[in-house]
Amino acid sequence: MNIKLLSHFVLRKPETMVLLLLLLVTAPHFEYIPWWSTVSIIALSIWKSIIFSTNRLKPNKIISSLLTVLAVVVIYRHSHGFSGISAGSHLLVVMVFFKLLESKTKRDHMLLVLLSFFIISTNFLFSQTIATAVYMFLCVFITLLTLLTINQGQSEISLKEKSIISVKLISYSLPLMIILFLFFPRISGPLWNTKTDEVQAKMGLTDSMQPGQISQLIYSNDLVFRASFINKIPPQYQLYWRAITLWNFNGKKWTVNKVNEQKTTLQIKDPGYEYVITMEPSNKKWLFLLDIPYLISNNYNLNSDFTAQTKDPVDSLLQYTANSTNSFHISSDLDLDIEDIALSTPRLNKQAKQLALNWKQQAKKPEDIVNRALEYFAKQGFYYTLTPPKLTRIDRIDQFLFETRQGFCEHYASAFAILMRDAGIPSRVVLGYLGGNINPINNIISVDQSMAHAWNEVWIDGKGWIRVDPTAAIAPERVTKDIASALKDQKNLPLHFRIDFAALQKIKQLFDAVDNKWKQWILSYDKNKQKEFLHFLTGKDFSLRDISSLFIQIILVTLALTSLFYFFNSINRKTDPVDQAYKVFLKKLSKAGFSKAIYEGPRDYKKRLISLLPNHKQEVSFIIEHYVDLKFRKNSKSETANRFIKAVRNFDI
Amino acid sequence: MPVSDCISEISKVILGKNTEIKQAICCLLSNGHLLIEDLPGVGKTTLALTLSKVFGLEFIRLQFTSDLLPADVTGISIFDSKNNQFEFHPGPIFTQVLLADEINRATPKTQSALLEAMEEHKVSVDGKTHTLSKPFFVIATQNPSTQIGTYPLPESQLDRFLMKIEMGYPDSSAEKRLLSGQDPRLLIDQLNTSIPVSKLLEIQQAVTQVHTSEDIINYILQIVEKSRHETGFIHGLSPRAGMALKKASQSWAFIHNRDYVLPEDIQAVFSSVCNHRLQCNHEQTDKNVKQLTNNIIQSIEV
């Protein structure tokens, strides 16, 4: 569309401007509200534009009330009430368009603009990416433009001037925004805890495993967490990020074990790696730790199976520091109860049992059995694939081991654990992620959903739990490189694995680095970081109460300072709008090459201008005579000032 | 508007000197005095005569010479033997328009007698105070002080004149008209009185009411400040000069049918009001006062 046309028809009238604004600020919500709501919003917008352009089809009170009630009922039924973020914002977004439909007066438009500000802030409840932030700044800008359009009255301000004013307003509010961000007390209460919504359900690991589950995750490249290593980065094949251990198998599904294990004590031989994890919201409780963790920051306790959990589901960005090593020694023995669990099988897979017992008889020590099993996977025609045939029989392990022989990591981990248990070696399945993309720009490793992995751990007396990855036996590339090179049937590979243009990769890495900084500095600024920051500033520790009172003090001081500033400003500096407008007028003329000599009085200037610009005689004398009236006459009226300012604004040469 | 009538009346006699006529009227309306510095024969006396005729004012011409005594100006008390007491005989100063011709030929003593009377609007003789008539307007003329036998007026005295103007030669077309027309002195008798005295006093009052906005006051302040800090002058403008500038600009605005002062008014009267109050210092011999005052005006933003 022609931009001039757009600015002429849309950006000048308050009605059209408000319509445009509402569509812009509610657009991000279209992703979360049902399609029929989006359709109704668009229909209402079209209706409104018809009313505006033809002045017909105005809804009468009854019809609009009926429609509103209908919409409220439908939304209520859809979201089972109005509590929760998604239902609330859904209602708000739809109702605002009903308000638009009946809006007539300036007051209505002002209300809609204020609601727009509110809707802008609700967008952050759903997404906090950089893109959202940038878009919201744009929305604030448009909102201010609309505000100016509504309030310009008779004197039309040019779009350029409005934009300048809006940008100024935004930049004035930036310092306040930063202060609020830094010092606003982070209250962890019901106010902030409104995030548990169905909208927030995330893809990711669950606390159980059955065939097909992990291979589904391969199709997602959503970020799971980022790790930044403090001293050295471990090699790719050591990047086993553990999350949960699974113990119980019912023939179909692996689940966690509720029984608490005894504490195992690690004797660290080498301090290993120290790293900071910035975890995306997962709505799950477990944390991600590099194998084998021995120390973790903050209030998190390391479980005996070397996993850690938070008290509440992680619903916002979470940061923690941890240490891991692969050089350690376990001195304790395995608890008998635990051993029982680690050896129990559903007793359904007879062939597997037979095979395992066979290996056991021939082996001298448990390690031999492990190696036999790995050798078996490597040599007996097993095939690593994303799309294995479905396992349907009750003895699924047997079906997999002796019939289909095609599977993904969960198949191998599952089968391996059962084989080991049948051979009398305690074993468990570990769920987590394998690998990570190192961003060469900031050396930060990012791990996404497609790196989900399952592997095993077996208990060897005297050595403790040893990691065994049966997938490595079939597809070693999965461990040493990445999943794309491990899969032989590249056809079915998700698109994001196939793109490997160097330039695209570079852009992706750059974006990733920026995104990481955004998360590190902005999104992960929570209660603890605020405390750290205040400690850094003052050298003292602050409680939430201290922070709140400090915050109030800062606000009061800021208010006092700004009001003082404006007070003195109004005394000291000439902020007379008439002077300013005259300056604008002079600037316009001097741009056209008719600048005023500094000593030239207004009347002299007028005379000269009229002789130079006979075409503009009327405007020039109008403006200058008004200026003279305002500046030198005894009792000039404020209307004169308004007319003068407007005339200067419209003056064009 | 009667004032513009006056101007057109006067310009029937004084040809091609519109600005000077306005400046003279400006002085009269703002209750100031006028000093005309020029060579003989350029129409100084005629201007004074015409002015008093048009405004219907009583006119006396006093030729200043080196032997003129103060009493010759102010008047003298003479013993009246009939009444056995002194009686005051008013001097030529008791008039409405006094043309003090060639004021710089008189001795300083006589000059100061006149100038004091101008300032105070009264004369004290033998302990008795006599008020001068109203309006009282002095037009002094002065030969360029380089001429022999003159006592240049001291700066303190010059300050008493609201304006100092130069008549200058008329341009050739005006001069042609002058030569081909009647004797101006005869023309004066044919002129009408446009403004009676009572009206003139009203106008003088009205002039003081001409509005000077804050911006104008600031402008005057800036000018005065600048003259004090600008190098090139021995002294800056005095507060009296500032007040004179305001008065003259009010009157100038009034002549131009306005009841408010514009920066242009100040600029118009500035050099005639201020040039005689300023003196170049010795470093500035190559420039004259005119150039320096022009610089002041041109460097201040309006």
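Residues numbered from 1 in each chain as written. Chains lettered and ligands numbered in written order. Predicted model: local features only at pLDDT ≥ 70, side-chain atom pairs only at ≥ 80, totals over all residues. Heavy atoms only, no water.

## Quick word on the overall build of chain B
The helix and strand tally for chain B stands at 13 helices and nine strands. On C-alpha atoms alone, chain B measures out to a radius of gyration of 20 Å, which is about the 19 Å that the 2.2 N^0.38 rule sets for 302 residues. Across its three principal axes, chain B shows a C-alpha extent of roughly 70 × 45 × 40 Å. The 302 residues of chain B split such that 51% are buried. When contacts within chain B are restricted to residue pairs at least 6 apart in sequence, long-range pairs at least 24 apart make up 78% of them. When the accessible surface of chain B is split by element, carbon and sulfur atoms take 50% of a total near 14,100 Å². Taking the 27 positively charged and 34 negatively charged side chains of chain B as two groups, their mean positions are separated by 2 Å. (Helix = DSSP H or I, 4+ residues; strand = E, 2+ residues; numbered from the N terminus. Rg over C-alpha atoms; globule rule 2.2 N^0.38 Å. Buried < 20%, exposed > 50% of the residue type's maximum accessible area, 1.4 Å probe, protein only. Contact = heavy atoms within 4.5 Å. Areas by Shrake-Rupley, 256 points an atom, 1.4 Å probe, with all protein chains shown as cover. Lys, Arg positive; Asp, Glu negative; His and termini not counted. Charge placed at Lys NZ, Arg CZ, Asp CG, Glu CD.)

## Focus on the sheet that holds strand E15 (residues 437-439) of chain A
All names here are of chain A. With respect to topology, six strands assemble into an open sheet ordered E9-E10-E7-E2-E16-E15, the strand pairing being antiparallel. Pairing within the sheet leaves two strands with one partner each, and these edge strands are strand E9 (293-296) and E15. Taken pair by pair, the neighbouring strands of this sheet meet at an average axis angle of 30 degrees, ignoring direction. As defined by bridge partners, E15 adjoins strand E16 (residues 444-448) across three bridges and the pair is classed as antiparallel. Bridged to Ile 438 within E16 is Ile 445. (Pairing = 2+ DSSP bridges. Axes fitted to C-alpha atoms, helices over the stretch in contact; angles between N-to-C directions.)

## Section: the domain arrangement of chain A
Here the domain parsing of chain A yields domain 1 (3-171), domain 2 (208-498), domain 3 (527-572) and domain 4 (577-650). Distance from the C-alpha centre of domain 1 of chain A to the C-alpha centre of domain 4 of chain A: 40 Å. (Domains from an automatic or database assignment.)

## Brief notes about the side chain of Lys519(A)
All names here are of chain A. Secondary-structure assignment places Lys 519 in helix H19 (residues 502-523). We classify Lys 519 as buried; its relative accessible area is 9%. A polar contact of 2.9 Å, which involves the side chain of Lys 519, links it to the side chain of Glu 280. What Lys 519 contacts, discounting residues up to four positions off in sequence, is Leu 223, Arg 226, Glu 280, Leu 317 and Ser 524. (Polar contact = N/O pair within 3.5 Å; in protein donor to acceptor, adjacent residues only side chain to side chain.)

## Focus: the domain arrangement of chain B
Interfaces are often described in size by the accessible area the parts lose on coming together. Residues and elements named next belong to chain B. Domain boundaries in chain B define domain 1 (2-194) and domain 2 (209-299). Using C-alpha coordinates to define each centre, domain 1 is positioned 24 Å away from domain 2. With 19 residues of domain 1 at the interface, the matching set in domain 2 holds 17 residues. Regarding the contact of domain 1 and domain 2, the summed buried area is about 1,700 Å², with carbon and sulfur atoms giving 57% of it. The largest contributions to the domain 1 side of the interface with domain 2 come from Lys 22, Asp 159 and Leu 162, which together make up 31% of the buried area. Our count for the domain 1 to domain 2 interface comes out at nine residue pairs in polar contact (both at pLDDT 80 or more). Elements with a minimum of two residues in the side of domain 1 that touches domain 2: helix H1 (2-13), helix H2 (18-29), helix H6 (155-158) and strand E9 (163-165). Element by element, the count of residues in the side of domain 1 that touches domain 2 is highest for H2, at five residues. Each residue belonging to the side of domain 1 that touches domain 2 can be placed in one class, and the counts come to 10 nonpolar, two polar and seven charged. (Buried area = accessible area lost by both parts, 1.4 Å probe. Nonpolar A, V, L, I, M, F, W, Y, C, P; charged D, E, K, R; others polar.)

## A closer look at unusual backbone geometry
Looking along the chain, the bond that leaves Asp291(A) and enters Ile292(A) is cis, with omega of -20 degrees. Its place among the elements puts Ile292(A) in the loop between strand E8 (289-290) and E9. A cis geometry characterises the amide bond from Lys134(B) onward to Pro135(B), with omega recorded as -5 degrees. By the secondary structure assignment, Pro135(B) is in the loop between strand E7 (128-131) and strand E8 (137-142). Backbone geometry at Asn31(B) places phi at a positive 60 degrees, although glycine is not the residue there.

## Here's the deal with a nonpolar patch on the surface
A grouping of Val557(A), Leu561(A), Leu564(A), Phe567(A) and Phe568(A) is seen on the molecular surface, where their side chains present a nonpolar patch of about 500 Å² in accessible area. Examined against the element boundaries, Phe568(A) turns out to sit in helix H21 (residues 544-572). (Patch = residues over 30% accessible without salt bridge, like charges linked within 9 Å, V, L, I, M, F, W, Y side chains within 5 Å. Salt bridge = Lys/Arg side-chain N within 4 Å of Asp/Glu carboxyl O.)

## Points about the packing of helix H2 (residues 14-26) of chain A against helix H3 (residues 35-54) of chain A
Residue and element names in this part refer to chain A. The geometry of H2 relative to H3 is characterised by a closest axis approach of 11 Å and an angle of 170 degrees between their N-to-C directions. Regarding the angle of H2 to H3, the classification is roughly antiparallel. Where H2 abuts H3, its residues Glu 15, Thr 16, Leu 19 and Leu 23 lie against Ile 41, Ser 45, Ser 49 and Phe 52. Residue classes in the contact of H2 with H3 are distributed as four nonpolar, three polar and one charged. (Parallel < 35°, antiparallel > 145°, perpendicular 65-115°, else oblique.)

## Let's talk about the confidence of the model for chain A
All names here are of chain A. The share of residues in chain A with pLDDT of 70 or more is 89%, and the mean pLDDT across the chain is 82. Between the elements of chain A, mean pLDDT differs from a low of 54, seen in helix H18 (residues 495-498), to a high of 92, seen in helix H6 (residues 106-123). Ignoring residues within four places in sequence, the model shows residues 189-201, a span with pLDDT below 50, making 19 contacts including any to other chains. (pLDDT = per-residue confidence, 0-100.)

## A short note on the pattern of salt bridges
This structure, assessed with the given rule, holds 28 salt bridges over all chains. The closest approach of N and O atoms between Lys99(A) and Glu102(A), which form a salt bridge, is 3.2 Å. Within this pair, Lys99(A) and its partner Glu102(A) are both found in helix H5 (residues 85-102), separated by three residues, close to a single helical turn. The salt bridge partner of Glu119(B) is Arg240(B), with a shortest N-O separation of 3.5 Å.

## Regarding the packing of aromatic side chains
Per the stated rule, a full pass over the model turns up 36 aromatic pairs over all chains. With 5.7 Å between their ring centres and 75 degrees between their planes, Phe88(B) and Phe94(B) make a pair best called edge-to-face. A network of ring pairs unites the aromatic residues Phe225(A), Phe229(A), Trp241(A), Tyr273(A), Tyr275(A), Phe288(A) and Tyr433(A) as a single cluster. Cation over ring: Arg258(B) sits above Tyr260(B), and NZ or CZ is 5.7 Å from the ring centre. (Phe/Tyr/Trp six-rings, centres within 6.5 Å; stacked < 30°, edge-to-face > 60°. Lys NZ or Arg CZ within 6 Å of the ring centre and 35° of its normal.)

## Considerations on the pairing of strand E4 (residues 85-90) of chain B
Strand direction decides the pairing type here: strand E3 (residues 75-80) of chain B and E4(B), joined by six bridges, are antiparallel. In the sheet register, Ser77(B) faces E4(B), and the bridge partner there is Phe88(B).

## Quick look at helix H3 (residues 44-54) of chain B
Residues and elements named next belong to chain B. Taken across its 11 residues, H3 has nine buried, putting it largely inside the fold. When we look at burial in H3, the residues that qualify are Lys 44, Thr 45, Thr 46, Leu 47, Ala 48, Thr 50, Leu 51, Ser 52 and Val 54. Immediately beyond the C-terminal end of H3, within one or two residues, lies Gly 56, with a positive phi of roughly 65 degrees.

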